[in-house]
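The residues making up each chain are set out below.
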Number of protein chains: 2
Amino acid sequence: MIAENYKEMLNAKSVIRELFQYATDRGQEIGYENVFDYSLGNPSVPVPQKFTDVMMELLQTREPVALHGYSPTLGIPQVREKIAASLAKRFSIPYTMDEIFMTSGAAGAIAHALRAVSVPGDEILTFAPFFPEYNPYVNLTGAILKVVPPQPKDFQIHFEAFEEMINEKTAAILINSPNNPSGIVYSRETIAHLAEILRAKSAEYGHDIYLISDEPYREIVFEGVESPCISQYYENSIMCYSFSKSLSLPGERIGYVAVNPACKDAKTIIQMCGQISRGIGHNCPSSIIQLAVAEVLDETADLSVYETNMNLIYNELIALGFTCVKPGGTFYIFPKALEEDAKIFSEKAKQYDLMLVPGDTFGCPGYFRMSYCIDTEKVKRSLTALRRFVEECYPKR
Amino acid sequence: MIAENYKEMLNAKSVIRELFQYATDRGQEIGYENVFDYSLGNPSVPVPQKFTDVMMELLQTREPVALHGYSPTLGIPQVREKIAASLAKRFSIPYTMDEIFMTSGAAGAIAHALRAVSVPGDEILTFAPFFPEYNPYVNLTGAILKVVPPQPKDFQIHFEAFEEMINEKTAAILINSPNNPSGIVYSRETIAHLAEILRAKSAEYGHDIYLISDEPYREIVFEGVESPCISQYYENSIMCYSFSKSLSLPGERIGYVAVNPACKDAKTIIQMCGQISRGIGHNCPSSIIQLAVAEVLDETADLSVYETNMNLIYNELIALGFTCVKPGGTFYIFPKALEEDAKIFSEKAKQYDLMLVPGDTFGCPGYFRMSYCIDTEKVKRSLTALRRFVEECYPKR
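Bear in mind the structure is a predicted one, so any value in this text is a computation, not a measurement. (Residues numbered from 1 in each chain as written. Chains lettered and ligands numbered in written order. Predicted model: local features only at pLDDT ≥ 70, side-chain atom pairs only at ≥ 80, totals over all residues. Heavy atoms only, no water.)

A.B. asks: Please provide a residue-by-residue account of the overall build of chain A, values included.
C.D. replies: For chain A, the count of helices and strands is 14 helices and 12 strands. The C-alpha radius of gyration of chain A comes to 21 Å, within 12% of the 21 Å expected for a compact globule of 397 residues. Reported as C-alpha extents along the three principal axes, the dimensions of chain A are approximately 60 × 60 × 55 Å. By residue count, 62% of the 397 residues in chain A fall in the buried class. Considering only contacts in chain A between residues 6 or more positions apart, those separated by 24 or more positions represent 75%. Total accessible area computed for chain A in this model is approximately 14,700 Å², and 49% of it derives from carbon and sulfur atoms. Chain A carries 36 positive and 49 negative side-chain charges, and their two centres are separated by 2 Å. (Helix = DSSP H or I, 4+ residues; strand = E, 2+ residues; numbered from the N terminus. Rg over C-alpha atoms; globule rule 2.2 N^0.38 Å. Buried < 20%, exposed > 50% of the residue type's maximum accessible area, 1.4 Å probe, protein only. Contact = heavy atoms within 4.5 Å. Areas by Shrake-Rupley, 256 points an atom, 1.4 Å probe, with all protein chains shown as cover. Lys, Arg positive; Asp, Glu negative; His and termini not counted. Charge placed at Lys NZ, Arg CZ, Asp CG, Glu CD.)

A.B. asks: Outline the sheet that holds strand 11 (residues 357-358) of chain A, listing residues and values.
C.D. replies: Residues and elements named next belong to chain A. The three strands are arranged 9-12-11 in an open sheet whose pairing can be described as antiparallel. Each edge of the sheet is formed by a strand with only one pairing partner; in this case those strands are strand 9 (332-333) and strand 11. Here strand 9 runs beside strand 12 (residues 368-371); their pairing, made up of two bridges, is antiparallel. When the bridges of strand 12 are listed, Ile-333 appears paired with Met-370. (Pairing = 2+ DSSP bridges.)

A.B. asks: Go over the relation of the copies chain B and chain A, please, and point to the residues and values.
C.D. replies: Two copies of the chain are present, and they differ by a rotation about an axis and a shift along that axis. Once chain B is rotated about the relating axis by 180° and shifted along it by 0.0 Å, it coincides with chain A to within an RMSD of 0.0 Å. Taken together, the turn and the small shift mark the pair as related by a two-fold rotation axis. The share of interface residues of chain B whose copies in chain A are also at the interface is 100%, consistent with both copies meeting through the same surface. (Least-squares fit on C-alpha atoms with pLDDT ≥ 70 in both.)

A.B. asks: How would you sum up the packing of aromatic side chains? Please name residues and give values.
C.D. replies: Evaluated as defined, the whole model comprises 48 aromatic pairs over all chains. With a centroid separation of 5.1 Å and 85° between ring planes, the pair formed by B:Tyr241 and B:Phe243 is classed as edge-to-face. One aromatic cluster is present, formed by A:Phe322, A:Phe345, A:Tyr352, A:Phe368, A:Phe389 and A:Tyr394 through successive ring pairs. Sitting over the face of the ring of B:Tyr22, B:Lys350 holds its NZ or CZ atom 4.4 Å from the ring centroid. (Phe/Tyr/Trp six-rings, centres within 6.5 Å; stacked < 30°, edge-to-face > 60°. Lys NZ or Arg CZ within 6 Å of the ring centre and 35° of its normal.)

A.B. asks: Describe the packing of helix 3 (residues 49-61) of chain A against helix 3 (residues 49-61) of chain B, listing the residues and the values that go with them.
C.D. replies: Here helix 3 of chain A crosses helix 3 of chain B at 165°, and the two axes come no closer than 10 Å. In this view, helix 3 of chain A runs roughly antiparallel relative to helix 3 of chain B, as classed from their interaxial angle. In terms of crossing hand, the pair formed by helix 3 of chain A and helix 3 of chain B is left-handed. Where helix 3 of chain A abuts helix 3 of chain B, its residues A:Thr52, A:Met55, A:Met56, A:Leu59 and A:Gln60 lie against B:Thr52, B:Met55, B:Met56, B:Leu59 and B:Gln60. Looking at the contact of helix 3 of chain A with helix 3 of chain B, its residues break down into six nonpolar, four polar and no charged. (Axes fitted to C-alpha atoms, helices over the stretch in contact; angles between N-to-C directions. Parallel < 35°, antiparallel > 145°, perpendicular 65-115°, else oblique. Left-handed = near helix turned anticlockwise from the far one by under 90°. Nonpolar A, V, L, I, M, F, W, Y, C, P; charged D, E, K, R; others polar.)

A.B. asks: Give a detailed account of the side chain of A:His207, specifying residues and quantitative values.
C.D. replies: Within the element layout of this structure, A:His207 appears in the loop between helix 9 (188-205) and strand 6 (210-214). Since its relative accessible area comes to 9%, A:His207 is described here as buried. When near neighbours in sequence (up to four residues on either side) are disregarded, A:His207 contacts A:Glu168, A:Thr170, A:Ser202 and B:Met1.

A.B. asks: Outline the nonpolar core, listing residues and values.
C.D. replies: In this structure, A:Phe162, A:Ile173, A:Phe243, B:Phe162, B:Ile173 and B:Phe243 are the most contacted members of the largest nonpolar core, which totals 142 residues. Excluding its chain neighbours within four sequence positions, the residues that come into contact with A:Ile173 are A:Leu125, A:Phe127, A:Phe162, A:Ile166, A:Leu198, A:Ile209, A:Tyr210, A:Leu211 and A:Ile212. Within the second largest apolar cluster, 78 residues are counted, among which are A:Ala107, A:Phe130, B:Ile2 and B:Leu174. (Core = buried A, V, L, I, M, F, W, Y, C linked by side-chain atoms within 4.5 Å.)

A.B. asks: Residues and numbers for the sheet that holds strand 6 (residues 210-214) of chain B, please.
C.D. replies: Residue and element names in this part refer to chain B. With respect to topology, seven strands assemble into an open sheet ordered 2-8-7-6-5-3-4, the strand pairing being mixed. Looking at which strands have only one partner, the edges of the open sheet turn out to be strand 2 (100-103) and strand 4 (144-148). Between one strand axis and the next, the sheet turns through 20° on average, direction left out of account. For strand 7 (residues 237-242) and strand 8 (residues 255-259), the ladder comprises five bridges, and the chain directions are antiparallel. Opposite Tyr-241, over in strand 8, you have Tyr-256 as the bridge partner. Packed on one face of the sheet, helix 9 (residues 188-205) meets strand 3 (123-127), strand 5 (170-175) and strand 6 and runs near 175° to strand 5. Sheet contacts for helix 10 (residues 266-280): strand 2, strand 6, strand 7 and strand 8; angle to strand 2, the most-contacted strand, approximately 25°.

A.B. asks: Can you break down the pattern of salt bridges residue by residue, with the values?
C.D. replies: Enumeration over the complete set of coordinates arrives at 46 salt bridges over all chains. Salt-bridge contacts for A:Glu219 lead to A:Arg90; the nearest nitrogen and oxygen are separated by 2.9 Å. Of this pair, A:Glu219 sits in the loop between strand 6 and strand 7 (237-242) while A:Arg90 sits in helix 5 (residues 77-91); the two residues are 129 residues apart in sequence, bridging distant segments of the chain. Note that B:Asp353 and B:Arg26 form a salt bridge whose closest N and O atoms lie 2.6 Å from each other. You can see B:Asp353 sitting in the loop between helix 13 (342-350) and strand 10 (354-355) and its partner B:Arg26 sitting in helix 2 (residues 15-30), a full 327 residues away along the chain. Three or more residues joined by partner-sharing salt bridges are found here, namely A:Arg90, A:Glu215, A:Arg218 and A:Glu219. (Salt bridge = Lys/Arg side-chain N within 4 Å of Asp/Glu carboxyl O.)

A.B. asks: Now, about the environment of A:Gly183: what can you tell me, with residues and values included?
C.D. replies: All names here are of chain A. Along the chain, Gly-183 turns up in the loop between strand 5 (170-175) and helix 9. For Gly-183, a relative accessible area of 0% puts it in the buried group. Discounting residues that sit within four places of it in the chain, Gly-183 has contacts with Pro-327, Gly-328, Gly-329, Thr-330 and Tyr-332.

A.B. asks: I'd like to hear about the environment of B:Glu133, residue by residue, with values.
C.D. replies: Inspection of the secondary structure puts B:Glu133 in the loop between strand 3 and helix 7 (134-139). Taking the C-alpha atoms as reference, B:Glu133 lies 18 Å from B:Phe334; in sequence the two are 201 residues apart. At 2.8 Å, the side chain of B:Glu133 and the side chain of A:Arg278 are in polar contact. (Polar contact = N/O pair within 3.5 Å; in protein donor to acceptor, adjacent residues only side chain to side chain.)

A.B. asks: Residue-level account of the pairing of strand 4 of chain B, with values.
C.D. replies: Residues and elements named next belong to chain B. The pairing of strand 3 with strand 4 spans five bridges and is parallel. Within strand 4, the position partnered with Thr-126 by the bridge is Val-147. Handedness of the β-α-β unit built from strand 3, helix 7 and strand 4 comes out right-handed. (Right-handed = clockwise from strand over helix to strand, strands pointing away.)

A.B. asks: Run through helix 3 of chain A, naming residues and quoting values.
C.D. replies: Compared with an ideal rise of 1.5 Å per residue, which puts 13 residues at 18 Å, helix 3 of chain A spans 18 Å between its outermost C-alpha atoms and is within 8% of the ideal. Of the residues making up helix 3 of chain A, those classed as buried are A:Phe51, A:Thr52, A:Val54, A:Met55, A:Met56, A:Leu58 and A:Leu59. The inward-facing, buried residues of helix 3 of chain A contact helix 4 (64-67) and helix 11 (287-293) of chain A together with helix 3 and helix 11 (287-293) of chain B. (Expected span 1.5 Å × (residues − 1).)

A.B. asks: So what's going on with the interface of chain B and chain A? Residues and values would help.
C.D. replies: Often the size quoted for an interface is simply the accessible area lost on bringing the parts together. Each partner contributes residues to the interface: chain B has 69 residues there, and chain A has 69 residues. Between chain B and chain A, roughly 5,600 Å² of surface is buried when both sides are summed, and carbon and sulfur atoms account for 62% of that area. On the surface where chain B and chain A come into contact, there are two salt bridges. As a salt-bridge pair, A:Glu133 and B:Arg278 come within 2.7 Å of each other at their nearest N and O atoms. Here chain B is connected to chain A by 30 residue pairs in polar contact (both at pLDDT 80 or more). Listing elements by their share of the side of chain B that touches chain A, those giving two or more residues are helix 1 (4-9), helix 3, helix 4 (64-67), helix 6 (105-117), helix 7, helix 10 and helix 11 of chain B. When residues in the side of chain B that touches chain A are grouped by element, the largest group, nine residues, is from helix 10 of chain B. Of the residues contributing to the side of chain B that touches chain A, the split by class is 37 nonpolar, 23 polar and nine charged. (Buried area = accessible area lost by both parts, 1.4 Å probe.)

Here it is, written out as C-alpha cells:
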C-alpha cells in the first residue's frame, strides 16, 4: 500500500511555485522580460570562474577511479579539514574536521542536525517569518514544528512569545539569519539574549537545548551590517551551511553541518550524522563537487548586485509609503501589504505583471516577499509598474 | 538531548570496514601491493572517457547560472526523459519520464521507494545472503526488515521459507540481483515464481505488495547469463538503479527510481518521492552530474576485467576443493568456508594477507565473500597465497 501521508502532501500546493508557474505562463504571452518575477529565490549571478577552472583541472589531471570514488561517510577528509580551517580563521573558533560533516546543501544539513538532537514527539521552535520548508523538514522527522509569532517592528525575535512557548519538550531552536523572507539579520543582542534564555532553560529542564542555524545567506550581508556567528554565543550550536547562494550553485547540492567545538557532544554528533545518513540514503555530496568547492571556500560569486537591487526597491517602497524593515542581507525584502489580506494584494499586483508572494506562507499574514535576485535593469523597469499598481489600486493613501 | 538510537549505532562495528582498515594498515607495513585485499566493493576500472568529455563540454559551453541551477524536485526533465527512453528501448516497457525519479545513487533510491510503499510497523522481506546496509536502510524508516534464510544450493530464493514468512504486514520485498555478496543472478523461473506468489498474497491480504529491486550490478552480467527485468514479470515493481558500478563513479552519487508503468499508482509514487525528499533533505543529485550521465546512459566502463577475475578465482577455488556457486555477475564470489565458523577461517586467512569477509554479516554464516574488483595481476598473485593458506591450514581435506 502506498503511504497516505506523502500522498496527501501532493494536494497541498506551494503558493510560491504556483506564482512562478503563472509568471512562466505569462512570460509565454508577453515575453518573460516583461514579467516582473519576484517569486523565486534563485541566484542570478554566475559561479566564480575559479570553481569552473578547478573542475576542469580535476577532470583533466586526476586519476578517474580516485576522482569519482566513494567519499568516506562523513565527507572527504581534506575537504572537511579545509572547511574547518576556514571557519576557525574567520570566527576564531577552534574547528577541526571532527566537527564537520559534508551534506547535500542546507536541506541535507538540517535533515541530519534535526535527527541528531531530537526524537519523535519533541518540539522544535522557529521564528516567524520563516522558510515554509521547515514544516516538512521538521514534521517528517516525527518531531513537531512550533512557530513563534513575529515581531513586525524589526523582525528580530519576539522574546515574550518565545518564552511562553519554550517548554520541557523543546529539543532545538531553528533559526535562519540572514532571514528568508525578511532579509533581516539577527543582531548581536538578539543572539546573546537567545543564548542566555537557552542556557537558563536547559538548566531548568535538565537537558541540552540545541540551537540549529540555517545559514545559506551567511555571505550575503549588506554594508554596515554584521552577522554574528552563533558559535561565539552558544555552546550547543549547529551551523547548517550551503554553498548554493554564496557560490551560485544550488543545483550542485553542497553544504555542511558544523557543530560548535565547545559543544561537549560535538564529535559524537558528527559521527551520528554518518549513521543518520544510512537511514535517509544520503551518502555524501558528489566527490568532484566536494573537491572543487574546497578550493574556493573563501570566495563568493559577485553578490553586489543584490545590495544594488535592495536599495533601489527599498527606496521606492518607502517613497510609495510602504512600511518596510530594511534588509541587512539575502536577496529578499518583506514589506507590509497595502491592505489587510496580502493574498488579495498579491492577486491585484499580478495585473501589473508583478509577482509578489503573500506572507501567509511564511507565517506572517499581511506582508509580502520580493526575491530580487534578478537583473538590476529589470528591477528598474519593475519600479514603474509598482508605482502604477500602488497609485491605481490604492489611490486614497 | 542527542538521539540515543543513532548514538548506539556507533558501537556496532562494520566487519567489512574493519577488515579494510586492517588491510590498509598491513599495506603500510609490507606494501599494499602485497595485501590481497578482497574486502571492499569499489569499482577498479575508469569511467568512460565520454563522461569526462561531456563534463568538460558542459563546463566550457553552458551558461553557469543555468548549468549549476536548481534541478526540479523530481530531477532534470530531459535527463528523466532520456532514462525512460533508454529503459523503454532495452526492456520493451513503455517508460516515460513520469515514472522516473532522480536520486543520489541506489541508497537514495531505496530510501525513497521504501517510504513510498510502507509505513512504520510494516514488514519488508529480503533474502539471504543480503547486503547488510539493508538493516539501517529499512529499520530507520520505522518498518522492520525480515531476512528469509538462504538456499545455499544455488542462492536462488528459498521459496518454502519465504512463504512461511510473508504475512499481512508485508509491504514490500527487497531483492538484489545480480547479488552482493553471492554474485548470483535470479533466473527467469525465480522471478516468475516470486511474482506469482506476490500476486496471490496481494489478493489474499487485500493490499498490494511491492517488489523493490536494488540493481547497481545490472550491467555486470557474465557470458551466457541473462538478468531478467522485474518489470516484465510483476506490475507493482520498483527498480532502484545506481550508475556507481556500471560507470565507475560511486562518489558522484547518481541513480534513479523507476516505477513500472504497469503499476496503477506509478505516477503517484514518483510524485510522492518528491515529497519524501523534503523530509529527508535530498533535493536531487548534482545538476552537472545528471546532465553528464544522461549522455552516456547506454555505455559502461570496461567491465570485462571482473569476468576475467571471476573465472580465475572460481577455477582455483574449485581446484582447491571449495564448494562454490559460480557467479553470474557483479564482482563478488561467495564460497563456503573450509570450517564451520567463517570468522575463524577469515582470521586464519589474514596470516596469508588474504582479506576474506565472513558471511555472517550477509546473513549467511559459514560462507565468505571475496570482492574481486582489483587488478587481474594481483588476483593471479593472490591465488598462490590462497593455495598456501588452504594447504597449510586445511591439509587433511
